[in-house]
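Each chain, letter by letter, is given below.
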Amino acid sequence: MKIGILALQGAVREHRSVLQKLGAETKDILNPEDLQKIDGLILPGGESTACGKLLVRYNLIEPIAEAGRSGLPIFGTCTGLILLAKHINNSSQYRLGLMDVRVERNAFGRQIDSFETDMSIPVLGDKPFHTVFIRAPYIVQADSNVEILLEYDGKILLAEQNNLLAAAFHPELTKDTRLHEYFLRKVKSAKKYLERGRDF
Amino acid sequence: MTVIEKETGTVTVKRGLAEMLKGGVIMDVVNPEQAKIAEEAGAVAVMALERVPSDIRAQGGVARMSDPEMITGIQQAVSIPVMAKARIGHIVEARVLEALNIDFIDESEVLTPADESCHILKTDFKVPFVCGARNLGEALRRIGEGAAMIRTKGEAGTGDVVEAVRHIRQVNEDIQRVISASQMELMTIAKELGAPYELILQVKELGQLPVVNFAAGGVATPADAALMMELGCDGVFVGSGIFKSDNPAKRAKAIVEAVAHFRDYKLIAEVSKGLGDAMRGQSVARLDEKEKMAGRGW
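All residue numbers refer to position in the chain's written sequence, counted from 1. Both sets of labels track the order of writing: A upward for chains, 1 upward for ligands. Since the coordinates come from a predicted model, pLDDT governs what is reported: local features require at least 70, and pairs of side-chain atoms require 80 or more to be given and counted, while whole-chain, interface and lining totals use all residues. The basis for every side-chain value is the complete set of heavy atoms in the structure, and neither hydrogens nor water enter the calculation.

Sorry, what's going on with the overall build of chain A here?
When helices and strands are tallied, chain A shows 5 helices and 12 strands. Relative to the globule expectation of 16 Å for 200 residues, the C-alpha radius of gyration of chain A, 15 Å, shows essentially globular dimensions. Taken along the three principal axes of its C-alpha coordinates, chain A extends 45 × 40 × 35 Å. Partly exposed residues are those whose accessible area sits between 20% and 50% of the maximum for their type, while under 20% is buried and over 50% is exposed, using a 1.4 Å probe and protein chains only. Classification of the 200 residues of chain A by burial places 64% in the buried group. Counting contacts in chain A only where the partners sit at least 6 residues apart, residues at least 24 apart contribute 65% of the total. For chain A, the accessible surface area stands at approximately 7700 Å², while carbon and sulfur atoms represent 45% of it. If the 26 positive side-chain charges of chain A are averaged to one point and the 25 negative ones to another, these points end up 3 Å apart. In this text, helices come from DSSP runs of H or I with a minimum length of four residues, and strands from runs of E with a minimum of two, each type numbered from the N-terminal end. The atom set for the radius of gyration is the C-alpha atoms, and the globule formula is 2.2 Å times the number of residues raised to the power 0.38. Contacts were defined at the residue level, with two residues in contact if any of their heavy atoms lie within 4.5 Å. We get accessible surface area from the Shrake-Rupley algorithm with a probe of 1.4 Å; when it comes to residues, only the shown protein chains can shield them. When charges are tallied, Lys and Arg are placed among the positive residues and Asp and Glu among the negative ones, while His and the ends of the chain are skipped. Charge positions come from single atoms, namely NZ of Lys, CZ of Arg, CG of Asp or CD of Glu.

What follows is the structure, given as structure tokens:
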């Protein structure tokens with residue numbers, strides 16, 4: 001199983017080491033041709049404005065959006081969530097626009113309000129999941145085709161829409177690998193289905 | 001709904017923001033207009049300050065924390081993180097910056113030091129700090145005080161990258177020494193480097209610094225920035241190099257691209273075309289020892 005990691009900027013190394021620990025191969029994605037022969041894609045945390053601009057400059061928006069529309073499993077964390085969203089409050093920044101959600105950037109405030117805490121995420125089992133939020137966004141509103149996996153105080157923090165998974169927090173900054181495992185299971189089941197005819 | 005216990009200002013949260021800036025460029029700006037140019041060029045953060053290092057060098061006088069009004073203006077102008085500098089050891093400047101909700105404080109040798117014996121105890125703060133270092137011992141002393149990010153000191157305001165190269169090479173060499181040493185030798189190395197023993201053990205275990213390490217001090221061109229990435233830096237600060245050049249918007253964008261693709265030499269060639277003159281700069285070799293900023297702090 002080979003997972004691409006968008007490597008323009010941000011927490012690339014952390015995602016890479018979690019995936020490798022779980023036995024997946026990884027590939028850094030810097031240019032459109034890198035998207036060939038991957039089974040899944042991670043959009044890591046970083047600075048969303050900068051990432052959005054680099055995506056445009058290297059003509060990555062349309063190829064990634066097209067792969068996502070064709071069923072490539074994509075997991076976005078923090079900045080990745082913003083890039084996946086169709087709507088971003090008060091922002092015209094570049095995005096992939098794949099998920100039917102509206103997000104608010106820096107929604108908890110500036111760095112001084114960044115925090116970590118334990119949250120209960122039913123799809124990951126009974127044990128609470130330690131979540132780290134850094135100048136984090138959250139989903140303000142999601143269409144009915146979006147499955148909400150974690151919501152707190154009216155803020156949607158983890159959501160799934162078919163092949164897409166998006167978290168407002170940073171699972172790559174903690175030792176708990178359950179969310180990455182959850183994504184790899186998605187990749188595995190998509191792979192079975194996709195092998196019948198598609199290649200990215 | 002159960003109420004969750006949010007922990008703010010933790011080591012993970014502070015170091016985590018630095019992790020998110022990796023592979024990016026942080027640019028010195030002196031007003032909201034420059035901050036917007038930097039954000040538009042793809043900077044991952046801006047450093048708000050009153051005078052860029054080359055002006056501080058030229059004009060002399062005491063360099064202090066910036067006017068809070070200017071900092072607030074920049075915070076309102078952009079949505080990327082805003083950093084600002086406090087003088088070495090100046091606890092109150094740092095507290096003022098924290099009260100302004102700044103995202104990161106640079107306890108910086110570019111400003112005139114306020115305390116010749118102590119650096120700020122950064123673990124006391126909820127806001128993360130970045131500090132300059134010339135070698136592993138200095139980096140680990142700052143991390144011991146609570147720095148969440150390290151940068152080379154380089155020689156700010158010169159446009160000469162030689163000192164930044166010297167500092168990252170020294171840090172790398174020291175780390176290699178720790179990695180290849182036996183457990184028995186580590187206390188001796190800690191003593192020699194003047195570094196906290198526990199942090200030497202961490203470096204041994206991780207094979208790298210426990211925090212992100214950026215380049216700073218003298219980066220003036222896209223090739224300079226890519227060189228620092230090649231030498232193992234996680235990202236780049238550019239001070240005077242952008243807004244003291246002929247075409248700041250274009251140069252800023254070119255440096256961002258060179259950092260993201262630091263081994264794509266065709267791309268670096270392409271983005272380096274027609275940038276106009278880089279900052280004029282001055283060779284570090286011709287500076288007097290007392291004119292150097294890197295010697296400030298310990």
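We are not done yet, so read on.
Would you explain the overall build of chain B in this entry?
Secondary structure assignment for chain B yields 13 helices and 9 strands. Taken along its principal axes, the extent of the C-alpha atoms in chain B is 55 × 50 × 45 Å. In chain B, which comprises 298 residues, the proportion classed as buried is 59%. Excluding contacts between residues fewer than 6 apart, the proportion of contacts in chain B whose partners are at least 24 apart in sequence is 66%.

Please explain the interface of chain B and chain A as it appears in this structure.
A common way to report how large an interface is uses the accessible area buried once the components associate. Listed by partner, the interface residues are 46 residues for chain B and 38 residues for chain A. Approximately 3400 Å² of surface area, both sides summed, lies buried where chain B meets chain A, with 56% of it carried by carbon and sulfur atoms. Side-chain atoms alone can form a polar contact between residues adjacent in sequence; in general such a contact is a pair of N or O atoms within 3.5 Å, and within protein one must be able to donate a hydrogen while the other accepts it. At the boundary of chain B and chain A, one finds 22 residue pairs in polar contact (both at pLDDT 80 or more). For the side of chain B that touches chain A, the secondary-structure elements that each account for two or more residues are strand 1 (7-8), helix 1 (11-21), helix 2 (32-41) and helix 12 (248-260) of chain B. For the side of chain B that touches chain A, the element with the highest residue contribution is helix 1 of chain B, accounting for 8 residues. All residues other than Ala, Val, Leu, Ile, Met, Phe, Trp, Tyr, Cys, Pro, Asp, Glu, Lys and Arg, Gly among them, are scored as polar; the first ten of these are nonpolar and the last four charged. Looking at the side of chain B that touches chain A, its residues break down into 18 nonpolar, 14 polar and 14 charged. For strand 7 (residues 115-119) of chain A and strand 1 of chain B, the ladder comprises 2 bridges, and the chain directions are antiparallel. Bridged to E116(A) within strand 1 of chain B is E7(B). The quantity reported as buried area is the accessible area (1.4 Å probe) lost by two parts once they are put together, taken as the sum for both. Only strands joined by at least two bridges in the DSSP assignment are considered to pair.

Teacher, can you tell me more about the pairing of strand 8 (residues 129-133) of chain A here?
Both faces of the sheet carry side chains from a regular strand, because those side chains alternate between them. Residue and element names in this part refer to chain A. The buried fraction of strand 8 is high, at 4 of 5 residues. As judged from the 5 bridges shared by strand 7 and strand 8, these two strands associate in the antiparallel manner. Among the inter-strand pairings, T117 is bridged to a residue of strand 8, identified as T131.

Sorry, what's going on with the sheet that holds strand 3 (residues 45-48) of chain B here?
Two modes of strand pairing occur in sheets, parallel and antiparallel, and in both the strands are linked by backbone hydrogen bonds. All names here are of chain B. With parallel pairing, the 8 strands of this open sheet are ordered in space as 8-7-6-5-4-3-2-9. In the strand order of this sheet, the two ends are held by strand 8 (212-214) and strand 9 (236-238), each with one partner. Looking at each pair of strands side by side, their axes are set apart by 30 degrees on average, direction ignored. Note that strand 2 (residues 25-29) and strand 3 share 4 bridges and pair parallel. Each bridged residue has a counterpart across the sheet, and for I26 the counterpart in strand 3 is A45. In this fold helix 2 packs onto strand 2 and strand 3, with an angle of close to 165 degrees to the strand it touches most, strand 2. Along the sheet, helix 4 (residues 68-77) makes contact with strand 2, strand 3 and strand 4 (82-87), crossing strand 3 at roughly 165 degrees. The angle between two axes is taken between their N-to-C directions and runs from 0 to 180 degrees, where each axis is a line fitted to C-alpha atoms and a helix contributes only its stretch in contact.

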